[in-house]
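Fold and contact review
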Amino acid sequence: MSAHPASRPPAAHARHNDSVLATAEKRVLIWIARRLPRAIGSDHLTGLGLLSMLGVGAAFAASVARPEVLYLVPVLLLLNWFGDSLDGTVARVRDEQRPRYGYYVDHVVDVVGATALFAGLALSGAMQPMLAMALLVAYLAAMAEVFLATHVTHVFRLASFGFGPTELRIVIAVGALALVGRPMVDVPLIGRTPLFDVGGAVALVGLVLAFAVSAVRTSVLLAREERIAR
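Read on for a plain summary of the structure. (Residues numbered from 1 in each chain as written. Predicted model: local features only at pLDDT ≥ 70, side-chain atom pairs only at ≥ 80, totals over all residues. Heavy atoms only, no water.)

**Observations regarding the environment of Ala-134**
To be explicit about the condition: Strands here are runs of E lasting at least two residues and helices are runs of H or I lasting at least four, both read from the DSSP assignment and numbered beginning at the N terminus. Burial classification: accessible surface area is computed with a 1.4 Å probe over protein chains only, and a residue below 20% of its type maximum counts as buried, one above 50% as exposed, and the rest as partly exposed.
Counting through the fold element by element, Ala-134 comes out in helix H5 (residues 129–153). Owing to a relative accessible area of 28%, Ala-134 belongs among the partly exposed residues under this scheme. Each C-alpha atom, one on Ala-134 and one on Leu-221, is 29 Å from the other, the two residues being 87 residues apart in sequence.

Encoded structure:
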């Protein structure tokens, strides 16, 4: 017979973030969390993170008719960082952690936000729709691998190759500002190509590589830990 949900031990995993900005970001988030009004809780911040990412997707989609709305993207990404990065920090600083609830809700929100982002890019006219959808599939596959690895290793890795969610937001914000003029770049053997198609292709390769490296690393680790005696 399974245990009653209330009697189950909380999800226990260590957070590992080795991104370029991780150390400085952690200090800033703790500083903000200690000064945030008590009336603002983790759920409010999670909601802010979701709404702002939906706004990012909508801004990209609307840019096909009004490119100037792309100036909103950096602001919306800043709000997304504030909500998405701060919700867990607030819970830890206030000792109000709900590990299983927080982990589940946070990543459901991440899936919805990623879908909105790449759907917006597909509708923006700045990126080939099939490339945007391929990016979404690769991103969701990489997320799924992280979730599975967290379950079996009890280590939640937030970054790959020194690149985490905050760095990704910065790249998207810079790209959105550059996209206002619908820039083109010269690609050897291909010719003039939209900047976001080039960036999307590079991102796709990076996501596939991150997925493969993490999957192999985790498989090797588990194989060593669960070696069969012969």
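So much for the structure itself; the text now carries on.
**A closer look at the nonpolar core**
Soluble globular proteins: nonpolar side chains tend toward being buried together. To keep things clear, this is the line we draw: Residues belong to a common nonpolar core when they are buried Ala, Val, Leu, Ile, Met, Phe, Trp, Tyr or Cys residues joined through side-chain atoms within 4.5 Å. Any two residues whose heavy atoms approach within 4.5 Å are treated as being in contact.
Among the nonpolar cores identified, the biggest contains 27 residues, and Val-56, Phe-60, Val-73, Leu-117 and Leu-121 are the most heavily contacted of them. Top element by residues in this core is H5. It accounts for 6 residues. When sequence neighbours within four positions are dropped, the list of residues in contact with Leu-121 reads Phe-60, Met-127, Ala-132 and Phe-196. Counting residues in each nonpolar core, the second largest holds 8 residues, with Leu-36, Leu-45, Trp-81 and Val-90 among its members.

**A few points about helix H2 (residues 42–62)**
As a reminder of what qualifies: Expected span, for any helix, means 1.5 Å times one less than how many residues it has.
If you check H2, its first and last C-alpha atoms are 30 Å apart, about what 21 residues at 1.5 Å a residue would give, namely 30 Å. Among all positions of H2, only Ser-42, Leu-45, Thr-46, Gly-49, Ser-52, Met-53, Gly-55, Val-56, Gly-57, Ala-59 and Phe-60 are buried. Among the structural elements, helix H3 (73–93), helix H4 (99–124), helix H6 (165–179) and helix H7 (195–225) are those in contact with the buried residues of H2.

**Brief notes about the pattern of salt bridges**
Should their charged atoms come close, side chains of opposite charge can pair. Selection criterion: For salt bridges, the criterion is a side-chain nitrogen of Lys or Arg within 4 Å of an Asp or Glu carboxyl oxygen.
Tallied over the entire structure, the rule returns 4 salt bridges. When the shortest N-O distance is used, the salt bridge between Arg-66 and Glu-68 registers 2.9 Å. For Glu-68, a relative accessible area of 37% corresponds to the partly exposed category. A salt bridge links Arg-169 to Asp-84, with the nearest nitrogen and oxygen atoms 2.9 Å apart. Of the two residues, Arg-169 sits in helix H6 while Asp-84 sits in helix H3, which places them 85 residues apart along the sequence. Overall, the relative accessible area of 9% leaves Arg-169 in the buried class.

**So, the packing of aromatic side chains**
Let me state the cut-off plainly: Paired rings are identified among Phe, Tyr and Trp, the last through its six-membered ring, by centres lying within 6.5 Å, and are further divided according to the angle between planes into stacked (under 30 degrees), edge-to-face (over 60) and tilted (the rest).
Inspection of every chain in the model, using the stated rule, returns 4 aromatic pairs. Summarising the aromatic geometry, the rings of Phe-60 and Phe-196 are spaced 6.2 Å apart at their centres and angled 55° between planes, so their arrangement reads as tilted. On the criterion of sequence distance, the pair formed by Phe-60 in helix H2 and Phe-196 in helix H7 is long-range, its members being 136 residues apart. Residue Phe-60 is classed as buried on the basis of its relative accessible area, which comes to 0%. On the basis of an interplanar angle of 80° and a centroid distance of 5.7 Å, the ring pair of Tyr-103 and Phe-156 is categorised as edge-to-face. A residue pair is termed long-range when its members are at least 10 positions apart, and Tyr-103 in helix H4 and Phe-156 in strand S2 (residues 155–157) qualify at 53 residues. For Tyr-103, a relative accessible area of 22% puts it in the partly exposed group. Overall, Phe-156 belongs to the buried group, its relative accessible area being 9%.

**Details of the packing of H4 against H5**
Selection criterion: Interaxial angles span 0 to 180 degrees and are taken between N-to-C directions of axes, which are lines fitted to C-alpha atoms, for helices over the stretch in contact. Angles are sorted into four bins: roughly parallel if under 35 degrees, roughly antiparallel if over 145, roughly perpendicular if 65 to 115, and oblique for all others. Helix crossings get a hand from a simple test, with the near helix turned counterclockwise from the far one by less than a right angle marking a left-handed crossing and a clockwise turn marking a right-handed one.
Remark: H4 packs on H5, axes separated minimally by 8 Å, with the N-to-C direction vectors making an angle of 165°. By the angle class used here, H4 and H5 are roughly antiparallel. Both H4 and H5 take part in a crossing whose hand is right-handed. Residues Tyr-103, His-107, Asp-110, Val-111, Ala-114, Thr-115, Phe-118, Ala-119, Leu-121 and Ala-122 of H4 form the contact with H5, whose participating residues are Pro-129, Ala-132, Met-133, Leu-135, Leu-136, Tyr-139, Leu-140, Met-143, Phe-147 and Thr-150.

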